[in-house]
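Summary of the model geometry
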Amino acid sequence: MRKTHALWFLAAALVTGSFPLLAEQAPDALPLATVANEPLLVSADMREGTELSGTWHYSIDPYRAGIAGFHGEAPDRGQQRWLDIDVRKTMAEDNRTMFEFDMAHAQTTSLPGSWLAATPEMRHYQGVVWYQRHFDAPAGRKGRYFLRFGAANYATTAYLNGKPLGRHEGGFTPFAFEVTQQLRDGDNQITFAVDSQATATTVPPTVTDWENYGGATRGIRLVHTPATYVDNAMVRLTTDGKLEAEAHLDGAAAAGQSLHLTIAGLKLDVPGKSDAKGNWKATIPAPRSLVRWSPDNPKLYDVTISAGEDVWRDRIGFRTIERKGADILLNGKPIFLRGISMHEEEIGPNPARIITPEAATALLGEIKNGLHGNYVRLSHYPHSEVMTRAADRLGLLVWSEVPVYWMVAWSNPGTLAAARNMLAENILRDRNRASVVIWSVANETPVNDARNAFLRTLIGDVRRLDPSRLVSAALLVKREEDARVPTMTMADPLAADLDILSINTYNGWYTPDRLSDLPASVWHVPADRPLVFSEFGADAKSGFHSPERLQKFSEEFQAEYYRKTLEMADRVPTLRGMSPWILKDFRSPRRQNPDFQMGWNRKGLISETGQRKMAFDVLANYYTMKSKETPK
Ligand code: GCU
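Worth saying up front: this structure is predicted, and the values here are computed from it rather than measured.

Moving on to the overall build of the protein chain. Helix and strand counts for the protein chain come out as eight helices and 33 strands. The C-alpha atoms of the protein chain give a radius of gyration of 25 Å, which matches the 26 Å a tight globule of 632 residues would have. In terms of its C-alpha atoms, the protein chain occupies a principal-axis envelope of roughly 80 × 60 × 45 Å. Burial statistics for the protein chain: of 632 residues in total, 62% are counted as buried. Here the contacts in the protein chain between residues at least 6 apart in sequence split such that 73% fall between residues at least 24 apart. Carbon together with sulfur atoms contributes 54% to the accessible area of the protein chain, which is approximately 23,700 Å² in total. Looking at charge distribution, the protein chain has the averaged site of its 73 positive side-chain charges lying 5 Å from that of its 74 negative ones.

Bringing the side chain of Ser554 into the picture now. Looking at where Ser554 falls in the secondary structure, it is placed in the loop between β30 (531-535) and α7 (555-569). Exposure remark for Ser554: the relative accessible area of 0% places this residue in the buried category. Within the local environment of Ser554, its side chain forms a polar contact with the backbone oxygen of Gln551, the two atoms lying 2.5 Å apart. Dropping the residues within four chain positions of it, Ser554 is found in contact with Asp539, Ala540, Phe544, His545 and Ser546.

Taken together, 14 residues surround the ligand, and among them Asp209, Tyr405, Glu444, Tyr510 and Glu535 come closest. Between an oxygen atom of the ligand and a side-chain N or O atom of His380, the distance comes to 2.7 Å. Residue Asn601 places a side-chain N or O atom 2.8 Å away from an oxygen atom belonging to the ligand. When the ligand is considered free in solution it has 310 Å² of accessible area, and contact with the protein chains removes 97% of it.

Here the focus is the sheet that holds strand β7 (residues 163-169). One open sheet accounts for six strands, arranged β3-β2-β4-β9-β6-β7; its pairing is antiparallel. Among the strands making up the open sheet, the edge pair consists of β3 (108-111) and β7. Ignoring strand direction, the axes of neighbouring strands in this sheet form an average angle of 30 degrees. Summarising the sheet, strand β4 (residues 128-137) and strand β9 (residues 186-195) pair through 10 bridges and their orientation is antiparallel. Counted as the bridge partner of Tyr131 is Phe192 from β9.

The omega torsion across Val203 and Pro204 is 5 degrees, close enough to zero to call that bond cis. Along the chain, Pro204 turns up in the loop between β9 and β10 (220-225). A cis amide bond links Ser379 with the next residue in sequence, His380, at an omega value of -15 degrees. In this fold, His380 is placed in the loop between β22 (375-378) and α4 (385-394). For Asn161, which is not glycine, the phi torsion reads 50 degrees and is therefore positive. Relative to the elements of secondary structure, Asn161 occurs in the loop between β6 (155-160) and β7. Non-glycine residue Glu444 carries a positive phi angle of around 50 degrees. Looking at the secondary structure, you find Glu444 in the loop between β24 (436-443) and α6 (449-465). Owing to a relative accessible area of 15%, Glu444 belongs among the buried residues under this scheme.

Turning next to the packing of α7 against helix α8 (residues 614-628). Here α7 crosses α8 at 20 degrees, and the two axes come no closer than 7 Å. Taken together, α7 and α8 sit at an angle that is classed as roughly parallel. With respect to the hand of their crossing, α7 and α8 are arranged in right-handed fashion. Along its contact with α7, which presents Glu555, Glu556, Gln558, Ala559, Tyr562, Arg563 and Leu566, the element α8 presents Met614, Ala615, Val618, Leu619 and Tyr622. Here the contact of α7 with α8 is composed, by residue class, of eight nonpolar, one polar and three charged.

Further remarks concern the nonpolar core. Core analysis: the biggest nonpolar cluster contains 78 residues, and Val404, Phe533 and Met578 have the highest contact counts within it. The two domains that each donate at least three residues to this core are domain 1 (39-225) and domain 3 (326-628). For Val404, the residues in contact, after removing those within four places along its chain, are Val203, Trp410, Ala419, Val441, Ala442, Asn443, Thr445, Phe454, Leu455 and Leu458. Counting residues in hydrophobic clusters, the runner-up holds 30 residues, among them Tyr131, Ala137, Tyr145 and Ile190.

This next bit is on the UniProt feature "domain: Glycoside hydrolase family 2 catalytic" (unreviewed entry) in the protein chain. The UniProt feature table records "domain: Glycoside hydrolase family 2 catalytic" (unreviewed entry) at residues 324-615. In this annotation, residues 324-615 is assigned 26% helix and 21% strand; the end-to-end C-alpha distance for the span is 33 Å.

In this section: the packing of aromatic side chains. For the structure shown, the criterion picks out 31 aromatic pairs. Ring plane angle 70 degrees and centroid distance 5.9 Å describe the contact between Tyr561 and Tyr562, whose orientation is recorded as edge-to-face. In this structure Tyr561 comes out as buried when scored by relative accessible area, which is 1%. Three or more aromatic residues joined by ring pairs make a cluster, and in this case those are Tyr506, Trp509, Tyr510, Phe544, Phe553, Phe557 and Phe596. A cation over a ring is seen here: Lys299 above Tyr301, with NZ or CZ 4.8 Å from the ring centre. The side chain of Lys552 reaches across the aromatic face of Trp509, ending 5.2 Å from its centre.

Another point: the domain arrangement of the protein chain. Here the protein chain is partitioned into domain 1 (39-225), domain 2 (242-319) and domain 3 (326-628). One C-alpha centre belongs to domain 1, the other to domain 3, and the line joining them spans 33 Å. Across the boundary between the two partners, domain 1 contributes 32 residues, which contact 40 residues of domain 3. Together domain 1 and domain 3 conceal approximately 3,100 Å² of surface at their shared face, both sides included; 57% is due to carbon and sulfur atoms. Area buried by domain 1 at its contact with domain 3 is led by Asp209, Trp210 and Tyr213, which between them contribute 24% of it. Applying the counting criterion to the domain 1 and domain 3 interface returns four salt bridges. Here Glu385 ties to Arg148 by a salt bridge, and the two come within 3.1 Å at their closest N and O atoms. Residues belonging to the side of domain 1 that touches domain 3 are distributed by class as follows: 15 nonpolar, 10 polar and seven charged.

Each value, and the rule that gives it
Residues numbered from 1 in each chain as written. Predicted model: local features only at pLDDT ≥ 70, side-chain atom pairs only at ≥ 80, totals over all residues. Heavy atoms only, no water. Helix = DSSP H or I, 4+ residues; strand = E, 2+ residues; numbered from the N terminus. Rg over C-alpha atoms; globule rule 2.2 N^0.38 Å. Buried < 20%, exposed > 50% of the residue type's maximum accessible area, 1.4 Å probe, protein only. Contact = heavy atoms within 4.5 Å. Areas by Shrake-Rupley, 256 points an atom, 1.4 Å probe, with all protein chains shown as cover. Lys, Arg positive; Asp, Glu negative; His and termini not counted. Charge placed at Lys NZ, Arg CZ, Asp CG, Glu CD. Polar contact = N/O pair within 3.5 Å; in protein donor to acceptor, adjacent residues only side chain to side chain. Near = heavy atom within 4 Å. Pairing = 2+ DSSP bridges. Axes fitted to C-alpha atoms, helices over the stretch in contact; angles between N-to-C directions. Parallel < 35°, antiparallel > 145°, perpendicular 65-115°, else oblique. Left-handed = near helix turned anticlockwise from the far one by under 90°. Nonpolar A, V, L, I, M, F, W, Y, C, P; charged D, E, K, R; others polar. Core = buried A, V, L, I, M, F, W, Y, C linked by side-chain atoms within 4.5 Å. Domains from an automatic or database assignment. UniProt positions renumbered as here; feature names shortened; annotations may be inferred. Phe/Tyr/Trp six-rings, centres within 6.5 Å; stacked < 30°, edge-to-face > 60°. Lys NZ or Arg CZ within 6 Å of the ring centre and 35° of its normal. Buried area = accessible area lost by both parts, 1.4 Å probe. Salt bridge = Lys/Arg side-chain N within 4 Å of Asp/Glu carboxyl O.

Now the structure itself:
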């Protein structure tokens, strides 16, 4: 376990004494300090392993009976869902025993996927759900085995063969537990509890504008490695034309281990040796033949680092991203980010947050080929690695974000520790993704001292963990009350700490401005850095038309809103990109207008089932024009 993260958590717990939800855990459940941060298993999806997705038994536990007894003490045996026993047989054989669960005979569902789409009864369930399945472990095992979750929303506690493995907090980043010692030949039993309940101290907190998809929403695998393996590695191109590489080996033979970085496509083979801590770093001139990754040419290279018995693999694109004054430079050239925002929700009437490569390609393909975009804001939390790999492959630049959203418990050390952990897990998972160019630390957060300090800590973490990318946050602006035309001023002190100034604006939708007044809007923003409109948008119910009156929620209103807002955008000198809100209608419990919303935010340019609305073409035509322009 990485000392830094654990210390944050422990400190937070000791100071606040509050861990969301699972504080009162069973004594033989997990000492909270074992929050899983190691192993990282970077590029785990390219490692050998056993897929554990598929059919799982599940059982709801609304009162957390399996977490704590009714006085907060440890749950009694009759509630311990993880026990490695045959409940029916045990009760049949001994009439003194009694269990108030039987996972092996509970109903089943398919994982990954949120339980919200499992059955109509589960549609709005928030709280704890227990999952269990059995699997056979290969006999004659060598090396090490890790139980890896792509993500599970929100807090997860896992057990193998009745033994506690660990706990993880955060709904959108991967975590893994080493199970080499716990595995047994033949049949093994995994049980884990996922608690989706948000609180004032979780990240995000209770109130958001998206559906809180509870459950194991990404793949579960038993990942296999040699005894000593490359746990973390990164290779990137620097702005001075060098290839920078680093690796961290884990295992008995990690120190002083010979290794080779190989990029066959560049005829590159760089020998090296790890230091006493299993770390290796190297910087070499980039070969002339290197083809840089860009949206127009998303060139990826097979990269391997072989160390002892292990071969770490990844498919990496090499490009540089930087800011120069008000310009964003991709591979040294100014670029305009032609984007759109997107939630992690597949196209369809009953999404379960299941992002397969096909689902990712369907969504990103609408941006790349439909809107002629070169950029996507993956909001408001880290999306699946399936999505960022698809962006690498298809050629879309990515804004990647952590869910520090609206009202977060800024002064709560546990909340800060959780946010820092999510950020670190996100960066360490995706820092080899050429598509990812911006790390965002927050969305629409109120300006106050505690918030500023909280966000500056996160910005510092980004700069330490990955100085090669740009940092931003979606900010709000001050609106001049009595101005003749909409007049906005950036007054957020955090703006000075960011590489890219990003603003969310909804004039004409959440304000009674006439659309015709939008183009004359005045923006008082710093001129020394690029501005991006990280959000603007208007709802439209697909198929609702109001050609005369342009009533709100009509496709005509949304289309006109886009025309006028884009006209306004063209007049902002430092504007270097945009990600309108949003590609697809998405589930949001905050949206309950019975005529138009019914639990969906309708700001999509396509409906939840993929129907394009009139505004889709307005933006597509604008981006076609923009792509022909050379950036200002
Ligand atoms: C906000 C917020 C989004 C929300 C959007 C909206 O700006 O960042 O999460 O969905 O506005 O109101 O539709």
